[in-house]
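Remarks on the overall topology
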Amino acid sequence: MARPKIALIGAGQIGGTLAHLAAVKELGDVVLFDIAEGTPQGKALDIAESGPSAKFDGSFKGTNDYADIAGADVCIVTAGVPRKPGMSRDDLLGINLKVMKSVGEGIAAHAPNAFVICITNPLDAMVWALREFSGLPAEKVCGMAGVLDSARFRHFLADEFNVSMRDVTAFVLGGHGDTMVPLTRYSTVAGIPLPDLVDMGWTTQEKLDAIVQRTRDGGAEIVGLLKTGSAFYAPATSAIEMAEAYLKDQKRLLPCAAYVDGAYGLDGFYVGVPTIIGAGGIERVVEIKMNKDEQAMFDKSVDAVKGLVSACKGIDSSLS
Ligand code: A3D
């Protein structure tokens, strides 16, 4: 059986890391696409040359021609610009919206059957625009954010409790922005919810609140340290987890930016929710019960995403 084909649209920091992870995990043949000449070709060759030592097989091609993504099973989109210190994700909207138009058209023309994972920021608005521009079925287009935000939350919790991150599960919903909603009630250490761990004296409510805030600021913390761009190792690893769930029909329950129409009282736009990812793409949006406070945080986050989608419509009249 032929190896799956994975197209990476954008060969920058995240794109290159995605290619390397896909190679090491032997997920399939990789095509790296970018408008920058030489960058995707150089990264593809460099990764291919690591194969003999790392012991993976696969074909790695760098290209500036959309025709080379033809028939891709998965497309992961990082094309665009990242944040610099002092910028919010929303500051990227105007530039990256134009990029989503060309990427959406490229995917529609050459890889219309792919499962598409968008990473470009501001995530919830860009994945919505990418779906609109590509015209692909909504269940085949999603955004990576919740897996990363939950991973950051899990890392901070594992550190606080001095336990393996394997035993920490966490839930972060809503938009991928300052209003994201880390849900402590649904986050556990080996099944023990965080509020119970506070009662058990494992941590204090103040420390837990600080971890929740650090999770919300997780992207900015890395931008502040790197100064020249944003996080790439953890974002790439998170998207690969989603791609693997699709390619191997794992039916993973992962939080991601999915098209929500009906659930959560929403009518047809993208926001971070729990989903099942399998061979059908986003096979199911899982609707969980929220208490009053959680619902209020979620609603605020949804309003922020709605504002960004309206801004996109204001910039590109074909989206209205
Ligand atoms: P970077 O290293 O700058 O790579 C972006 C690449 O996109 C560059 O190589 C550009 O040449 C390329 N590019 C620009 N325009 C086009 C185009 N029209 N077609 C094809 N390629 C193009 O950035 P990065 O890899 O660090 O980040 C990529 C995106 O991911 C940015 O928008 C970040 O803000 C975003 N990001 C999202 C998260 C989430 O959790 C959602 C996390 C981290 C970064």
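Residues numbered from 1 in each chain as written. Predicted model: local features only at pLDDT ≥ 70, side-chain atom pairs only at ≥ 80, totals over all residues. Heavy atoms only, no water.

**Focus: the overall build of the protein chain**
Let me state the cut-off plainly: To qualify as a helix, a DSSP run of H or I must reach at least 4 residues; to qualify as a strand, a run of E must reach at least 2; elements of each kind are numbered from the N terminus. Our radius of gyration is a C-alpha quantity, and the globule rule it is checked against amounts to 2.2 Å times the number of residues to the power 0.38. Each residue is placed in one exposure class: buried if its accessible area under a 1.4 Å probe, protein chains only, is under 20% of its type's maximum, exposed if it is over 50%, and partly exposed if it falls in between. Residues are treated as being in contact if the distance between any of their heavy atoms lies within 4.5 Å. Residue-level accessible areas treat just the shown protein chains as cover; the underlying method is Shrake-Rupley with a 1.4 Å probe. Here the positive residues are Lys and Arg and the negative ones are Asp and Glu; neither His nor the chain ends is included. Where a charge lies is defined by one atom per residue type: Lys uses NZ, Arg uses CZ, Asp uses CG and Glu uses CD.
For the protein chain, the helix and strand inventory stands at 10 helices and 14 strands. A compact globule built from 320 residues would reach a C-alpha radius of gyration of about 20 Å, and the protein chain, at 19 Å, matches this within 12%. With respect to the principal axes defined by its C-alpha atoms, the protein chain has extents near 55 × 50 × 40 Å. When burial is assessed residue by residue, the protein chain has 52% of its 320 residues classed as buried. Considering only intrachain contacts with a sequence separation of at least 6, the fraction spanning at least 24 residues in the protein chain is 68%. For the protein chain, the accessible surface area stands at approximately 14,100 Å², while carbon and sulfur atoms represent 52% of it. With 30 positive and 39 negative side-chain charges, the protein chain shows a separation of 1 Å between the mean positions of the two kinds.

**Observations concerning the site of the ligand**
Heads up, the rule is: The near set for a molecule or strand comprises every residue that places at least one heavy atom within 4 Å of it. Polar contacts, as counted here, are pairs of nitrogen or oxygen atoms within 3.5 Å of one another; within protein the pair requires one atom able to donate a hydrogen and one able to accept it, and residues that are adjacent in sequence qualify only if both atoms are side-chain atoms.
Residues in contact with the ligand amount to 27 residues; listed here are only the nearest, Gln-13, Ile-14, Asp-34, Val-81 and Ile-119. Val-81 is positioned such that a nitrogen or oxygen atom in its backbone is 2.9 Å from an oxygen atom of the ligand. At a separation of 3.1 Å, an oxygen atom of the ligand approaches a polar side-chain atom of Asn-121. Notes on the ligand: free accessible area 870 Å², of which the protein chains cover 87%. Every element with two or more residues in the shell around the ligand is listed here: α1 (13-24) and α3 (93-110). A total of 3 residues in the shell around the ligand trace back to one element, the largest contributor, which is α3.

**Section: the side chain of Arg-216**
Convention followed: Salt-bridge detection follows one rule: a side-chain nitrogen of Lys or Arg within 4 Å of a carboxyl oxygen of Asp or Glu.
Within the secondary structure layout, Arg-216 lies in helix α7 (residues 205-216). For the buried Arg-216, no salt bridge exists, and the shortest N-O distance to an oppositely charged side chain is 7.3 Å, to Asp-217.

**What about the side chain of Asn-96?**
Relative to the helices and strands, Asn-96 resides in helix α3. Residues contacting Asn-96, with those up to four places away along its chain left out, are Gly-80, Val-81, Thr-120, Asn-121 and Met-126.

**Points about unusual backbone geometry**
A cis amide bond, omega -5°, links Asn-121 with the succeeding residue Pro-122. Assignment of secondary structure puts Pro-122 in the loop between β5 (115-118) and α4 (123-134). One non-glycine residue, Ala-190, adopts positive backbone phi at about 45°. Within the secondary structure layout, Ala-190 lies in the loop between β10 (188-189) and β11 (192-193). Accessibility expressed as a relative area gives 61% for Ala-190, which makes it exposed.

**Some remarks on the domain arrangement of the protein chain**
As a reminder, the rule being used: Reported domain spans reflect what an automatic or database domain assignment gives. Throughout, the accessible surface (probe 1.4 Å) given up by two parts as they are put together, summed over both, is called the buried area.
By domain assignment, the protein chain separates into domain 1 (5-144) and domain 2 (146-313). Of note, the centres of domain 1 and domain 2, computed from C-alpha atoms alone, are 22 Å apart. In this complex, domain 1 contributes 40 residues to the contact, which on the side of domain 2 involves 46 residues. Summing both sides of the interface, domain 1 and domain 2 together bury roughly 3,500 Å²; the carbon and sulfur share of this comes to 74%. Three residues, Asp-124, Trp-128 and Met-144, lead the burial of domain 1 against domain 2; their summed loss comes to 21% of the area buried on that side. Here domain 1 is connected to domain 2 by 1 salt bridge. Taking the shortest distance from any N to any O, the salt bridge between Lys-25 and Glu-244 comes out at 3.2 Å. At the junction of domain 1 and domain 2, the tally comes to 6 residue pairs in polar contact (both at pLDDT 80 or more).

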